[in-house]
Amino acid sequence: MKEASLNDMVRGWFVGNFEPVLIRTGDLEIAVKEYKKGDYEEAHYHKIAEEITVVVYGRVRMRGKEYGKGDIIIIEPGDVTDFEALEDTACTVVKYPGALNDKYREGEQDA
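Below is a summary of the structure that appears in this document.

**Considerations on the nonpolar core**
Stage number 1. Grouped together as the largest cluster of nonpolar side chains are 15 residues, with contacts concentrated most on Val-55, Val-60, Met-62, Tyr-67, Ile-73, Phe-83 and Cys-91.
Stage number 2. Setting aside its immediate chain neighbours within four residues, Ile-73 contacts Glu-51, Ile-52, Thr-53, Val-55, Met-62 and Tyr-67.

**Quick word on the sheet that holds strand E8 (residues 72-75)**
Across a sheet, paired strands are connected by hydrogen bonds in the backbone, their directions being either parallel or antiparallel.
Stage number 1. Taken in spatial order, the 6 strands line up as E2-E1-E3-E10-E5-E8 in an open sheet, and their pairing is mixed. The open sheet terminates on both sides in strands that have one partner only, identified here as strand E2 (23-24) and E8.
Stage number 2. Summarising the sheet, strand E1 (residues 13-16) and strand E3 (residues 29-35) pair through 2 bridges and their orientation is antiparallel. If you follow Trp-13 over to E3, its bridge partner there is Ala-31.

**So, the sheet that holds strand E9 (residues 81-85)**
Stage number 1. Spatially, E7-E6-E9-E4-E11 is the arrangement adopted by the 5 strands of the open sheet, whose pairing is antiparallel. Strands with a single pairing partner mark the edges of an open sheet, and in this sheet they are strand E7 (65-68) and strand E11 (104-105).
Stage number 2. Across 3 bridges, strand E4 (residues 40-45) lies against E9 in antiparallel orientation. Across the sheet, residue Tyr-40 finds its bridge partner in E9, namely Glu-84.

Rules used throughout
Residues numbered from 1 in each chain as written. Predicted model: local features only at pLDDT ≥ 70, side-chain atom pairs only at ≥ 80, totals over all residues. Heavy atoms only, no water. Core = buried A, V, L, I, M, F, W, Y, C linked by side-chain atoms within 4.5 Å. Buried < 20%, exposed > 50% of the residue type's maximum accessible area, 1.4 Å probe, protein only. Contact = heavy atoms within 4.5 Å. Pairing = 2+ DSSP bridges. Helix = DSSP H or I, 4+ residues; strand = E, 2+ residues; numbered from the N terminus.

Next comes the structure, spelled out in structure tokens:
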């Protein structure tokens, strides 16, 4: 049996094609992310990856809609979303396929 800690991972990502990681793969990325009330991520989208967010506990707002414990939000390529933690929150996030550098701000044009 091996042991590890989310505290040693970058922003909670523990599966993917980055370092440190527990399982190195480009097929998908998995994280457990913790947020404090008021944490906010600007509107963005992915061109390649589908992103699945599971609210483990807490409440969040994404594109004006509120979600809570047990809600699953599927963000398909091209869908634009922002993220605000309405209270202390934990989410499990899965990106499929793994796609480094696939996060674009709303309105950002192709390079």
